[in-house]
Amino acid sequence: MSPARSAEAGPEGRGLTASPGHAADGAVPGRVTDDPGARAQAPGSPAIHAIELRKRYRRTVALDGLSMSVERGEVFGFLGPNGAGKTTAVKLLLGLVRPSGGEAMVLGAPAGDLQTRRRIGYLPELFRYQSWLTAREVLVLHCRLRRLPRPRWAGAVDDALRIVGLSGRGDDRVGTFSKGMQQRLGLGVALLGEPELVVLDEPTSALDPVGRHDVRTIIRALRDRGTTVFLNTHLLAEAEHVCDRVAIISRGRSVATGSLAELKAARPSVRLRVGGLADGWWERLAGFGRWTPDGDWLLVEDMAAGRVPDLVGSIVSLGGQVEAVIPEQQTLEERFLELLEEK
Amino acid sequence: MSAVWTIALLTVREAVRRRLVAAFALISVVLVTLSGWGFYRLSHNVGFTSGESHVAMPEAVILFMFMFSFVVALSASAIASPAISSEIDSGVLQTVAARPVRRGEVLFGKWLGLAGLLAAYTAIVSGLQVAVVYWASGYVAPDPAAAAAFVFAEGVALLTLVLLLSTRLSALAAGVIGVALFGVAWLGGVVGLLGETFNVHALRTAGHVSQYLLPTDGLWHAAVYYLEPSWFITQQLAETPGVRGNPFMSLSAPSWPYLTWAAIWLVLVLVLGLTSFERREL
């Protein structure tokens, strides 16, 4: 959220509109233009910047030199299998645990900086809130802890309840909530006070398909208003739906970073139907990728990015007749598994 | 409102909502009612001579306060042991710690809230007790307010220690260790008294050391002193060394150096708890 964007929020300080969803009705919690914490940012710096971040728990290495950069205003997917170090990384960024090495900057300040936490919303993987409070009381508590100006509490709480679809349950005790409702409440807590950075750790783990759709709608609305979203998930479909860029984590390291299109196109495959190739063509073309005959077709996998035109040119120069070229679309899951196997 | 007050009020509200306050109230009513009945029967015992009645009332008050101090200490341990560790285990604390709040503010707020509950509990039961004993027998201990303050101090000492343990250990372990240490400190006091009575230097030293390491027993003895009429102490001092004194008596007022040490001990343990929690990884 840039200062200019804050100025666009209007006299009520309300956020930008969200795409309508089942729960998200377009409103986001009140933007805090009178919040000194919101102004204390380092413009231009990435939302998150980690350099060789390490974390060791006795003999277990949870993070092994994680480096990544998350730009402001993007939805960044942090993908990896269970035990890859994703939640440890999130906790390091929030200052809940200390790094064993390396450094991380969040919104232009060292990770865990007290003032910067005012500008961060967080939904933990293990979302639990005081079961003896009502949903509204939990949100008010976080308004206090977030040091939101008191006049804004009522509006912020109502907005948060509405966005996450709990308007009718605000006065019910959290202890009576289902797991999915508690996760919705956690999302509401994370959105309070219009944070510049929202960190969501497995935000749909307890939600049904409707809830997942709602969360995707909320994430898109956050992006539309310029909020950075750091989405920690192992659900690739979730990332494919909403993320601008992703990092794939394996064994505590980032093994690939980029947009989904870049990742999927990093090692393209192509299916060819070719006739008239002279003997000895194989030696000239083998270097383009991994060749597999498939009936009348040839499948060329694991090519370097951007080499398809060169391949077609080379076939033609060898006297071949290219009858058909069909790019093979690799799914994120295939690419994900490929990357994990490579490492 | 500062984060410390927010957490302190949250702690009190939790005690109310989780019916801890209701349980305390119920126990207090039972305690005071039973003791009222007991004091009434004791003071109206037709078999008592006036001299026996004169001795029985202070002793009964001291015994009641001993039992009550035990209830306060156990309650302190029970409410402090899950305060940090259970909230870390459940994940509740991570959502609070991710906010612009110092860990020290969270711990101090919890300490303040729990100590406030303990203070209210001690004050109400002690006040009711004074009223009931007066109604039943017309007897009032020399300084029941000072005695209640020292019973509260004893409870707060244990509460602070268990809160420190709770920053590193599970609720069960912190509670069990806290109660065990409380018992060991009481035994240490008994050992010191035996050393005093039979003039065994090593036992006397062990008793003193235990009172400095964990001042709960020392504070209990301070409470007892303010419940004893002056003739009671004079009479005990006149006894031969072999028979005077027992764990329910105190023959001298608490010394200022000891009370100063108890205050320093409390602050040290609290600061240790704050530091431990600041360094705890969530």
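Here, every reference points to the structure presented above.
These figures come from a predicted structure and were not determined experimentally. (Residues numbered from 1 in each chain as written. Chains lettered and ligands numbered in written order. Predicted model: local features only at pLDDT ≥ 70, side-chain atom pairs only at ≥ 80, totals over all residues. Heavy atoms only, no water.)

Student: Please give an account of the overall build of chain A that cites residues and values.
Tutor: Secondary structure summary: chain A contains 12 helices and 14 strands in total. Within chain A, buried positions represent 51% of all 343 residues. Residue pairs in contact within chain A that sit at least 24 positions apart in sequence constitute 69% of those at least 6 positions apart. (Helix = DSSP H or I, 4+ residues; strand = E, 2+ residues; numbered from the N terminus. Buried < 20%, exposed > 50% of the residue type's maximum accessible area, 1.4 Å probe, protein only. Contact = heavy atoms within 4.5 Å.)

Student: Please set out the environment of Ala153(B) residue by residue, giving values where relevant.
Tutor: Of note, Ala153(B) is situated in helix α7 (residues 144-166). Residues Ala153(B) and Leu219(B) lie 66 residues apart in sequence; the distance between their C-alpha atoms is 6.9 Å.

Student: Run through the pairing of strand β7 (residues 197-201) of chain A, naming residues and quoting values.
Tutor: Residue and element names in this part refer to chain A. Among the 5 residues in β7, 5 count as buried, and that is most of the element. Every second residue of β7 is oriented toward a common face, with Leu197, Val199 and Asp201 on one face and Val198 and Leu200 on the other, all of them buried. Of the pairings in the sheet, the one linking strand β6 (residues 120-123) to β7 comprises 4 bridges and is parallel in character. Bridge assignment links Gly121 to a residue of β7, and that residue is Val198. Looking at chain direction, β7 and strand β8 (residues 228-233) are connected through 5 bridges and run parallel. From the neighbouring strand, Leu197 faces β8, where its bridge partner is Thr228. For the handedness criterion, the β-α-β arrangement of β7, helix α7 (residues 209-224) and β8 is classed as right-handed. (Pairing = 2+ DSSP bridges. Right-handed = clockwise from strand over helix to strand, strands pointing away.)

Student: An account of the packing of aromatic side chains is requested, with residue identities and associated values reported.
Tutor: All names here are of chain B. A full pass over the atoms with the stated rule returns 14 aromatic pairs over all chains. When the ring of Phe108 is compared with that of Trp111, the centres are 5.7 Å apart and the planes differ by 10°; the resulting orientation is stacked. In this pair, Phe108 and Trp111 are both assigned in helix α6 (residues 103-137), 3 residues apart and thus about one turn of the helix distant. With relative accessibility at 30%, the residue Phe108 sits in the partly exposed group. Aromatic side chains Tyr212 and Trp261 sit 6.2 Å apart centroid to centroid with 35° between the ring planes, which places their arrangement in the tilted category. Placement of Tyr212 in helix α9 (residues 201-213) and of Trp261 in helix α12 (residues 256-279) is noted, with a sequence separation of 49 residues between them. The partly exposed category is assigned to Tyr212, whose relative accessible area is 36%. (Phe/Tyr/Trp six-rings, centres within 6.5 Å; stacked < 30°, edge-to-face > 60°.)

Student: So what about the sheet that holds strand β5 (residues 109-110) of chain A? Which residues, and what values?
Tutor: Residues and elements named next belong to chain A. Across the sheet, which stays open at both edges, the 4 strands sit in the order β2-β1-β4-β5 with antiparallel pairing between neighbours. Single-partner strands in this sheet number two, and they are β2 (60-70) and β5. Two strands pair when backbone bridges link them, and strand β1 (residues 48-57) and strand β4 (residues 101-106) are joined in this way by 5 bridges, in the antiparallel orientation. When the sheet's bridge partners are listed, His49 is paired in β4 with Met105. Across the sheet, helix α3 (residues 86-94) is in contact with β1, β2 and β4; its angle to β2 comes to roughly 65°. (Axes fitted to C-alpha atoms, helices over the stretch in contact; angles between N-to-C directions.)

Student: Would you mind going over the pairing of strand β12 (residues 290-294) of chain A in detail, with residue names and values included?
Tutor: Residues and elements named next belong to chain A. Bridge analysis of β12 against strand β13 (residues 297-301) gives 5 bridges, and the strand direction is antiparallel. Bridging from a neighbouring strand, Pro293 pairs with Leu298 of β13. Between the end of β12 and the start of β13, which pair antiparallel, lie 2 residues, with Gly295 showing a positive phi angle near 65°.

By themselves these figures say nothing about function.
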